[in-house]
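One letter stands for each residue in the lines below.
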Amino acid sequence: MARRSSAGASGTAARQEKVRRSPLGSVRRAQQITTYGVGAMIAIGDQSYIVSGLDTWGTRDADVLSEPRLQQRLGVNGFRLPPAAPAPSGNGVKVRRFPETYSCPRCCVLKPFRDFGGRRNDNVCGDCEAPLVPSRFVVACAHGHLDEFPYWRWLHARRGEERGARCSCDPAKARLTLHSEGRTASLRGIVIKCDCGESGSLEGAFSRDAMAALGITCRGGRPWFGRSAREANCASPLRVLQRGSSAAWFPSVASALSIPPWHRKLMQLVERHKRHLINKSDERIEEYARDEGWLDKGRYGAEEVIGAVRTLESAGEQPQEEPEENNEFEAAGRIRQEEYRQLCRETPEHPENQHFVCLPPENADGVRVPGIDQVMLVKRLREVRALHSFTRIEPLMRIKEDRERAVKLALDEDIDWLPAIEVIGEGVFLTLDQERLAKWESLTGPDSPEVRAQRLRRNHERHLRRRVRDRTALVESSLTSRFVLLHTLAHALINEWSLDCGYPASAIRERLYVNEDMTGVLLYTATSDSAGSLGGIVAQGAPENLANSLRSALERISWCSADPLCMESDASGVNSLNLAACHACILLPETSCEMNNVFLDRALLIGTPDEKVPGYFS
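Residues numbered from 1 in each chain as written. Predicted model: local features only at pLDDT ≥ 70, side-chain atom pairs only at ≥ 80, totals over all residues. Heavy atoms only, no water.

**Considering the packing of helix H12 (residues 434–441) against helix H14 (residues 481–500)**
Following both chains from N to C, one finds H12 and H14 inclined at 125°, their axes separated by 11 Å at the closest point. Here H12 lies oblique to H14, going by the angle between them. Considering only the axes of H12 and H14, their crossing is right-handed. Within the contact between the two elements, H12 uses Leu437, Trp440 and Glu441 and H14 uses Ser481, Arg482 and Leu485. The class makeup of the residues in the contact of H12 with H14 is 3 nonpolar, 1 polar and 2 charged. (Axes fitted to C-alpha atoms, helices over the stretch in contact; angles between N-to-C directions. Helix = DSSP H or I, 4+ residues; strand = E, 2+ residues; numbered from the N terminus. Parallel < 35°, antiparallel > 145°, perpendicular 65-115°, else oblique. Left-handed = near helix turned anticlockwise from the far one by under 90°. Contact = heavy atoms within 4.5 Å. Nonpolar A, V, L, I, M, F, W, Y, C, P; charged D, E, K, R; others polar.)

**So, the sheet that holds strand E1 (residues 41–44)**
Pairing is antiparallel in the open sheet, where 3 strands are placed in the order E1-E2-E5. Taken across any chain shown, the strands that pair with only one partner, and hence form the sheet edges, are E1 and strand E5 (95–97). Strand-to-strand, the axes of this sheet are offset by a mean angle of 40°, without reference to chain direction. As judged from the 4 bridges shared by E1 and strand E2 (residues 47–51), these two strands associate in the antiparallel manner. Paired with Met41 across the two strands is Ile50, which belongs to E2. (Pairing = 2+ DSSP bridges.)

**Focus: the sheet that holds strand E8 (residues 133–134)**
Taking strand neighbours across the sheet as the criterion, the 6 strands line up as E8-E6-E7-E11-E12-E13 in an open arrangement whose pairing is antiparallel. Each edge of the open sheet carries a strand with a single partner, namely E8 and strand E13 (199–201). Where strand E12 (residues 190–194) lies against E13, 3 bridges are found, and the strand directions are antiparallel. The residue of E13 that forms the bridge with Val191 is Ser201.

**Section: a positive patch on the surface**
A contiguous patch of positive charge on the surface is contributed by Arg208, Arg458, Arg462, Arg465 and Arg466. Its location among the elements puts Arg462 in helix H13 (residues 449–465). On the basis of relative accessibility, which here comes to 45%, the residue Arg462 falls in the partly exposed class. (Patch = residues over 30% accessible without salt bridge, like charges linked within 9 Å, V, L, I, M, F, W, Y side chains within 5 Å. Areas by Shrake-Rupley, 256 points an atom, 1.4 Å probe, with all protein chains shown as cover. Salt bridge = Lys/Arg side-chain N within 4 Å of Asp/Glu carboxyl O. Lys, Arg positive; Asp, Glu negative; His and termini not counted. Charge placed at Lys NZ, Arg CZ, Asp CG, Glu CD. Buried < 20%, exposed > 50% of the residue type's maximum accessible area, 1.4 Å probe, protein only.)

**Points about the pattern of salt bridges**
Oppositely charged side chains are able to pair whenever their charged atoms sit close together. If you walk through the whole model with that rule in mind, you get 26 salt bridges. In this structure, Glu100 and Arg227 form a salt bridge, with 3.0 Å as the shortest nitrogen-oxygen distance. Residue Glu100 is found in the loop between E5 and strand E6 (101–103), and its partner Arg227 is found in the loop between helix H6 (210–213) and strand E14 (238–242); the two are separated by 127 residues along the sequence. Take Glu100: its relative accessible area is 17%, and that puts it in the buried class. Arg227 gets classed as exposed once you look at its relative accessible area, which sits at 59%. Between Arg290 and Glu286 there is a salt bridge whose closest N-O contact spans 3.0 Å. Taken together, the positions of Arg290 and Glu286, both in helix H8 (residues 282–291) and 4 residues apart, correspond to about one turn of that helix. Exposure remark for Glu286: the relative accessible area of 29% places this residue in the partly exposed category.

**Brief notes about helix H10 (residues 334–343)**
Those residues of H10 that sit buried are Ile335, Arg336, Glu339, Tyr340, Gln342 and Leu343. Buried residues of H10 fall within an arc of 165° about the axis and therefore sit on the same side. (Arc of directions from axis to C-beta.)

**Examining the pairing of strand E20 (residues 519–525)**
Burial analysis of E20 places 7 of its 7 residues in the buried class, which makes it a mostly covered element. Pairing of strand E18 (residues 417–432) with E20 involves 5 bridges; the strand directions are antiparallel. In the sheet register, Leu430 faces E20, and the bridge partner there is Val521. Bridge analysis of strand E19 (residues 508–514) against E20 gives 7 bridges, and the strand direction is antiparallel. Bridging from a neighbouring strand, Glu510 pairs with Leu523 of E20. Where E19 hands over to E20, the hairpin turn is made up of 4 residues, counted between the paired strands.

**Looking at the packing of H14 against helix H16 (residues 543–557)**
Helices that pack against each other are described as a pair by the angle of their axes relative to one another and the distance between those axes. Where H14 meets H16, the closest approach of the two axes is 9 Å, and the angle between their N-to-C directions is 110°. Classed by the angle they form, the pair H14 and H16 counts as roughly perpendicular. Contacts between H14 and H16 pair Leu489, Ala492, Leu493, Glu496, Trp497, Leu499 and Asp500 from the former with Leu546, Ser549, Leu550, Ser552, Ala553, Arg556 and Ile557 from the latter. Across the contact of H14 with H16, the residue classes tally to 9 nonpolar, 2 polar and 3 charged.

**Focus: the nonpolar core**
Phe483, Trp497 and Leu605 are the most contacted members of the largest nonpolar core, which totals 64 residues. If one sorts the elements of this core by residue count, H14 sits on top with 10 residues. Those residues in contact with Trp497 that lie beyond four places of it in its chain are Val428, Gly502, Ile508, Leu523, Ile537, Gln540, Leu546 and Ser549. By size, the runner-up hydrophobic cluster in this structure holds 43 residues, among which are Leu54, Trp57, Leu241 and Ala254. (Core = buried A, V, L, I, M, F, W, Y, C linked by side-chain atoms within 4.5 Å.)

**Structural notes on the state of the cysteines**
The tally for this structure, following the rule as stated, stands at 0 disulfides. The thiol of Cys585 is not disulfide-bonded; the next cysteine sulfur, from Cys582, is found 3.7 Å away. Cys585 gets classed as buried once you look at its relative accessible area, which sits at 10%. (Disulfide = S-S within 2.5 Å.)

**Thoughts on the environment of Ser236**
The residue Ser236 is located in the loop between H6 and E14 in this model. Here Ser236 falls in the buried class, since its relative accessible area comes to 10%. Separated by 18 residues in the primary sequence, Ser236 and Cys218 have C-alpha atoms spaced 6.7 Å apart. Among the polar contacts listed, one links the side chain of Ser236 to the backbone nitrogen of Ala142, at a separation of 3.5 Å. (Polar contact = N/O pair within 3.5 Å; in protein donor to acceptor, adjacent residues only side chain to side chain.)

**Examining the confidence of the model for the protein chain**
When the pLDDT values of the protein chain are averaged, the result is 85; 89% of them are 70 or greater. Note that pLDDT drops below 50 for residues 161–166; the model gives that stretch 2 contacts with residues more than four away or on any other chain. This stretch, residues 319–326, has a pLDDT under 50; its non-local contacts, to residues over four places away or in other chains, come to 17 contacts. (pLDDT = per-residue confidence, 0-100.)

**Quick look at a negative patch on the surface**
Together, Asp55, Asp412, Glu413, Asp414 and Asp416 make up a negatively charged patch on the protein surface. Its location among the elements puts Asp55 in the loop between E2 and strand E3 (64–65). Asp55 gets classed as partly exposed once you look at its relative accessible area, which sits at 34%.

Spelled out as structure tokens, the structure:
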């Protein structure tokens with residue numbers, strides 16, 4: 001046999017390395033935070049994968065992001081952009097094959113992908129050359145574990161004890177086949193057969209107690225960390241999910257705006273070099289700044305640099321934010337309170353104001369917008385959004401028991417950063433007329449704003465109570481009529497502005513500021529693509545434009561194509577957390593709403609046609 005030359009061998013190795021390192025696909029960086037983050041399944045071509053943990057991500061120092069307020073809130077040392085390595089460097093986000101169970105539509109065999117006999121990256125059956133199909137079904141639990149659908153156990157655990165005694169079947173040697181009979185679109189038409197003679201459909205698999213009834217328990221699977229990274233002693237019941245179900249992965253994202261003093265170029269500079277400056281003497285800080293050229297003529301003074309370093313140090317010394325109470329929304333948190341105070345005051349244009357410029361509109365006193373107190377034009381803003389955990393089955397609620405379900409993104413405890421993105425854009429900040437709001441909130445009667453808010457509050461408390469292990473514990477919702485009012489107003493304006501200024505509704509986002517002392521909402525561009533900062537949103541904050549768009553928005557939502565059912569609804573939406581709100585009138589794309597399209601009621605804005613419910617703007 002002729003020997004292969006060394007050159008040929010090295011060429012083959014290079015080709016193999018290129019194949020091994022070539023990327024499987026690509027997604028936008030923003031999707032790594034909201035859609036395809038750690039632990040999420042992603043379909044690439046005709047195959048299915050799961051995004052691996054942060055332990056395997058190949059990040060670079062150039063991808064570091066800083067936002068001290070959010071870092072303190074989440075208890076991390078910084079943020080990093082998801083890798084965006086050029087192909088075929090292989091330094092991007094790593095994925096693992098999941099589910100590993102595949103089926104062949106031609107020979108109907110159902111078994112692990114590696115057992116089909118094809119080449120490593122070829123998604124074809126080794127016997128009949130037909131393209132393979134990944135399993136449509138997986139199992140998950142409320143504590144974030146994920147595993148293959150147990151086809152063999154599902155089929156054989158359903159046999160009676162007598163039949164089970166007569167027929168033994170070894171799962172390691174069993175040959176399973178999957179058949180889609182096509183007689184019905186339900187699970188009854190999907191039949192699993194075993195070579196031992198047993199067969200059965202998947203009917204009933206999606207029942208809440210289907211797995212528990214068969215004695216199939218959670219094995220603590222964490223395939224995003226690897227096959228062996230299982231957690232023991234998980235008592236949470238398993239649920240069957242479709243591979244592409246939205247319930248398979250709910251991201252937990254936190255965000256903050258860059259506000260003074262963190263918006264300045266100098267603070268950004270100090271933050272990037274903080275390891276050389278923090279806890280150093282004034283003389284050492286001045287020496288370092290001079291060596292880096294920061295003290296050159298026309299740049300900064302030594303006192304400015306030292307002051308910025310001390311500000312950064314004091315931020316790290318501040319106590320961590322207290323854990324959220326059971327009834328506290330993000331809109332009332334400390335980060336929002338700091339932003340609210342800054343949005344209410346002027347921050348002028350200045351070369352140092354890199355990420356925050358907030359000004360009142362011109363001729364603000366000339367045109368009064370009914371029901372609106374203050375309008376501020378945020379001509380420049382920066383928002384950092386960080387993925388800090390995820391859940392499965394149900395999204396995270398702001399109660400202690402639910403926060404225990406949050407799944408960390410890395411196994412290595414030394415990883416002290418989180419994946420994040422930054423959005424540079426613009427927006428308009430509005431506050432409500434306090435006097436008018438107080439009169440509206442004080443109205444009484446069976447159809448008062450408070451009574452309508454109580455309906456939603458009771459439904460919310462009922463939903464929270466289902467998550468609490470101690471059924472006797474007191475669970476209270478902080479939902480108020482002013483929260484529902486502001487939230488619905490934000491939705492109405494976003495829908496209107498998407499028609500007026502050319503932005504898609506999915507590119508405009510709301511940011512609520514609501515508690516006893518705050519009644520504000522920031523509407524801003526929420527995308528990092530070409531629909532970023534084009535001036536269209538800021539123009540809507542001009543008094544005349546705002547008055548016209550508000551009037552048009554209220555007229556538009558005064559009638560819904562689903563009326564009278566929509567307006568007269570006693571409960572609608574997910575978990576009955578909406579009243580008069582549906583997709584035909586007030587709901588938004590999920591990228592725009594920070595509350596997942598709940599706590600909405602357009603009757604609180606415009607009243608009801610019979611005038612029994614007083615609207616804030618009626």
